[in-house]
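Listed below, chain by chain, are the residues.
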Amino acid sequence: MTGQRYSGAIIDAHHHFWDLSLGKHGWLEGGQPDDELAPLRRNHLARDYEALALPEGIVASVHVEANWDPADPAGENRWLDTLERSPGIASRYVAHAALLDPGAAAVLEQHAESARVVGIREILSWHPDPAKRRMPDNDRMDDPRWRASLARFRDLGFSFDLLITPHQFESTMRLVADFSDIAFILNHCASPIDRDAEGMRRWREGLVQLAEAPNVAIKISDPVAYDPRWSRESLTEVIHACIDAFGPEPSMFATDYPVAGLHIGFAEWIDVFKDATRGFSADEQAALFAGTARRWYRMA
């Protein structure tokens, strides 16, 4: 592919911080010294992120909830506010709320007290194979109680970050149609988790259908989670499928630091993305690397 590689400012639309000394990230506790998550079992703070991000031209970013203690979701916001960092870094937060919980309304109100919280995420990923699912059930998006909590987003001004699998695209399309006045942002390329021909077909066709909704955007982030033995060609294929479906305007770059680091280097992922998008116009590249994230997360 010919064309100019992007060289402008970057907004990272998805990353995480944590301090294990706080005891707030139970999913990272225990385990074996040599298991898959071992590289994540250390503190990942603003200074660690900036050492990688600033040299790459990242000028602003969105912190996404990192499975903080569910008993105190708003505590993550308060902790993030204490972190010293460069202007723009973690300037917006996507916080956690379990929308089926009886106390969901109160949690949402607590999140609304922070000017940096612009969105909510509740991981909903379900798969027919129990080993590939993050949630035990697949009916939350249709549950009237869950939807009643989501309806509060209208008054609070929140968007919703969707982490789902292609097996949930049908219910997702109903959801985004019924809540057409709420912005939904698909995480991690909408999870191309099944890598056989049928699985990739289901994912590609679903992307095209979801892209028809004007209130849906997509983060092109951490494709290596589903492709750990990746090649530049396999990652480029996923990048192009997302952009072909959605276009550059509702598509946004993100790193998923530090989780993506399990399978790809920080600068390496940026390099792959720049190579994959060098055939796009300067305006389209600017949207992919910064403009879309700025608009959808309402950044200065």
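Structure report, in brief. Bear in mind the structure is a predicted one, so any value in this text is a computation, not a measurement.

Here the focus is the nonpolar core. In this structure, Leu150, Phe160, Phe184 and Trp203 are the most contacted members of the largest nonpolar core, which totals 71 residues. Among the elements that take part in this core, helix H8 (residues 232-246) stands out by supplying eight residues, more than any other. In this view, Phe184 contacts Leu150, Phe160, Leu162, Leu175, Val176, Phe179, Asn215, Val216, Ala217 and Trp296; residues no more than four positions away in its chain are not counted. Within the second largest apolar cluster, 16 residues are counted, among which are Ile11, Val94, Val118 and Met299.

One pass over the structure, following the stated rule, counts 16 aromatic pairs. A ring pair is formed by Phe160 and Phe184, whose centres lie 6.3 Å apart and whose planes are at 65°; its orientation type is edge-to-face. Residue Phe160 is found in strand S5 (residues 159-162), and its partner Phe184 is found in strand S6 (residues 184-186); the two are separated by 24 residues along the sequence. On the accessibility criterion, Phe184 (0% relative accessible area) is buried. With 5.7 Å between their ring centres and 75° between their planes, Trp269 and Phe273 make a pair best called edge-to-face. With Trp269 and Phe273 both in helix H9 (residues 266-276) and four residues apart, the pair spans about one turn of that helix. Assessed through its relative accessible area of 0%, Phe273 is described here as buried.

Moving on, we come to empty space enclosed by the protein. According to the stated counting rule, one finds one cavity of 30 Å³ or more in the structure shown. Its volume calculated, the largest cavity comes out at about 50 Å³. Contributing to the lining of the largest cavity are Leu124, Met135, Asp137, Asn138, Asp139, Arg140, Met141 and Gln168. By residue class, the composition of the lining of the largest cavity is three nonpolar, two polar and three charged.

Turning our attention to the layout of surface pockets. In this structure, the largest pocket spans a volume of roughly 830 Å³. Lining the largest pocket are 29 residues, with Trp27, Leu37, Arg134, Ala225 and Val259 positioned closest to its centre. Among the residues making up the lining of the largest pocket, the classes are represented as 14 nonpolar, seven polar and eight charged.

Close approach of charged atoms lets side chains of opposite charge pair. Evaluated as defined, the whole model comprises 29 salt bridges. Close ionic contact of Lys132 with Asp194 constitutes a salt bridge, the shortest N to O distance being 3.2 Å. Placement of the pair is Lys132 in the loop between strand S4 (117-121) and helix H4 (144-151) and Asp194 in the loop between S6 and helix H7 (197-210), with a sequence separation of 62 residues. Judged by its relative accessible area of 33%, Lys132 falls in the partly exposed class. Look at Asp194 and you get buried, because its relative accessible area is 12%. Look at the salt bridges and you will find they share partners, linking Lys132, Asp194, Glu198, Arg201, Arg202 and Glu205 into a network.

Its 15 residues place the ends of H8 21 Å apart at the C-alpha level, agreeing with the 21 Å of an ideal helix rising 1.5 Å per residue. Among all positions in H8, only Ser234, Leu235, Val238, Ile239, His240, Ala241, Cys242, Ile243, Ala245 and Phe246 are buried. Residues of H8 that are buried make contact with S6, H7, strand S7 (216-220), strand S8 (251-253), H9 and helix H10 (282-296). Positioned one or two residues after H8, Gly247 has a phi angle of 85°, which is positive.

Thresholds applied
Residues numbered from 1 in each chain as written. Predicted model: local features only at pLDDT ≥ 70, side-chain atom pairs only at ≥ 80, totals over all residues. Heavy atoms only, no water. Core = buried A, V, L, I, M, F, W, Y, C linked by side-chain atoms within 4.5 Å. Buried < 20%, exposed > 50% of the residue type's maximum accessible area, 1.4 Å probe, protein only. Helix = DSSP H or I, 4+ residues; strand = E, 2+ residues; numbered from the N terminus. Contact = heavy atoms within 4.5 Å. Phe/Tyr/Trp six-rings, centres within 6.5 Å; stacked < 30°, edge-to-face > 60°. 1 Å grid on protein atoms, 1.4 Å probe; cavity = no way out; pocket = protein on both sides within 12 Å on 5 of 7 lines; lining within 4 Å. Points joined across faces, edges and corners; volume = space filled by probe spheres on them. Nonpolar A, V, L, I, M, F, W, Y, C, P; charged D, E, K, R; others polar. Salt bridge = Lys/Arg side-chain N within 4 Å of Asp/Glu carboxyl O. Expected span 1.5 Å × (residues − 1).

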